[in-house]
Amino acid sequence: MNRFFSTLTLFAVISAVCVGQDPDWHKPPAETGPVMAVEEAALLEIISQPGEDNETLMKKMYAYKRLGTHGTPKAAAVLVTRFDIDKEGFYARYAAETIPGDEVDATLCKAIKDFKNPKTIAGTLTTLGVRAGYFGAGPASTATAKEYLTHEETDVRKAAAYAFACCAGDEAIEFFTIKDMDYEQADYGFLLAEIFAAKGETDKTLKIYDALAVANLPNYQKQAALLWATVTRGGDAIPMLVEQLNAENTKLFGVGLKAGWE
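As the structure is a prediction and not an experimental result, all values here were calculated from the model.

Participant: I'd like to hear about the packing of aromatic side chains, residue by residue, with values.
Facilitator: For any pair of aromatic rings, geometry is given as the distance between the ring centres together with the angle between the planes. Evaluation of the coordinates by the stated rule reveals eight aromatic pairs. With a centroid separation of 6.0 Å and an interplanar angle of 70°, the aromatic rings of tyrosine 162 and tyrosine 188 are classed as edge-to-face. On the criterion of sequence distance, the pair formed by tyrosine 162 in helix 9 (residues 154-168) and tyrosine 188 in helix 10 (residues 183-198) is long-range, its members being 26 residues apart. Each member of the aromatic cluster is reached from another via a ring pair, and the members are Phe90, Tyr91 and Tyr94.

Written as structure tokens, this is what we have:
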């Protein structure tokens, strides 16, 4: 009997999960106009309700999810007021990631100046970076990311570096090619190089990899940069590859082996 009820419970949970999956998640809404405006207003009312009991939070989570695909820039003004709430901030930021419009970026950039919690600041910067991947960087996003690159909190600096790499384009090259780079921000130099590589801008890609390979960084980062600088050059990398494979330094030899395999 217990096994029977356990099975029923499992089926109920699976059904709830399946029903809860919105096939339109991360897709633009089909509906527009007054109908959507009414739904958005209702969703904003739900997330503004007080209470942290499981039932209320469940309703809010679904509302945030729905706002991510059906929200308008008007919703962003409400969403940012939830960023700093411990149990809701992540979901509010997640919703803000996929609402189109430069107005949303502007709202986030304005709101971040009032946040005191480093986790909230870092989360907001990350949201700006993700939005840049979806829609391109809003006019205010690059300046905001740049402002926090030297913040005293490590997590904020890292998030700022991520956002700057996603948003700034050519403007970010100088920052990610300095000799004395913060190693915790350097990983996003690789991200910037990948963004340029995806666009076919090989010269900019190599400029970043070559700089990272000789920067004052931990060996594992420098070796990774050298590896991808070699791979990116393709056939033009033969002299580099020969040098690496003839090196007495086992780590440099390893880079050559890996690059040859790639």
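Participant: Explain helix 11 (residues 202-214) residue by residue, including any values.
Facilitator: Its 13 residues give helix 11 an end-to-end C-alpha distance of 19 Å, which sits within 8% of 18 Å, the value for a rise of 1.5 Å per residue. Buried within helix 11 we find Thr205, Leu206, Ile208, Tyr209, Ala211, Leu212 and Ala213. At its buried positions, helix 11 is contacted by helix 10 and helix 12 (219-233).

Participant: So what about the pattern of salt bridges? Which residues, and what values?
Facilitator: Within the structure shown, the criterion is met by 12 salt bridges. With its nearest N and O atoms 2.9 Å apart, the salt bridge here joins arginine 131 to aspartate 105. With arginine 131 in helix 7 (residues 118-135) and aspartate 105 in helix 6 (residues 102-111), this residue pair connects regions lying 26 residues apart in the sequence. On the basis of relative accessible area, arginine 131 is assigned to the buried category, the value being 1%. Judged by relative accessible area, which is 2%, aspartate 105 ranks as buried. Of the charged contacts, one joins lysine 146 and glutamate 171 as a salt bridge, the two residues approaching to 3.5 Å between their closest N and O atoms. Highlighted residues: lysine 146 in helix 8 (residues 141-147) and glutamate 171 in the loop between helix 9 and helix 10, separated in sequence by 25 residues. On the basis of relative accessible area, glutamate 171 is assigned to the partly exposed category, the value being 42%. The network of salt bridges with shared partners includes Lys60, Arg82 and Glu88.

The rules we used
Residues numbered from 1 in each chain as written. Predicted model: local features only at pLDDT ≥ 70, side-chain atom pairs only at ≥ 80, totals over all residues. Heavy atoms only, no water. Phe/Tyr/Trp six-rings, centres within 6.5 Å; stacked < 30°, edge-to-face > 60°. Helix = DSSP H or I, 4+ residues; strand = E, 2+ residues; numbered from the N terminus. Expected span 1.5 Å × (residues − 1). Buried < 20%, exposed > 50% of the residue type's maximum accessible area, 1.4 Å probe, protein only. Contact = heavy atoms within 4.5 Å. Salt bridge = Lys/Arg side-chain N within 4 Å of Asp/Glu carboxyl O.

Purely spatial values, then, with no claim about function.
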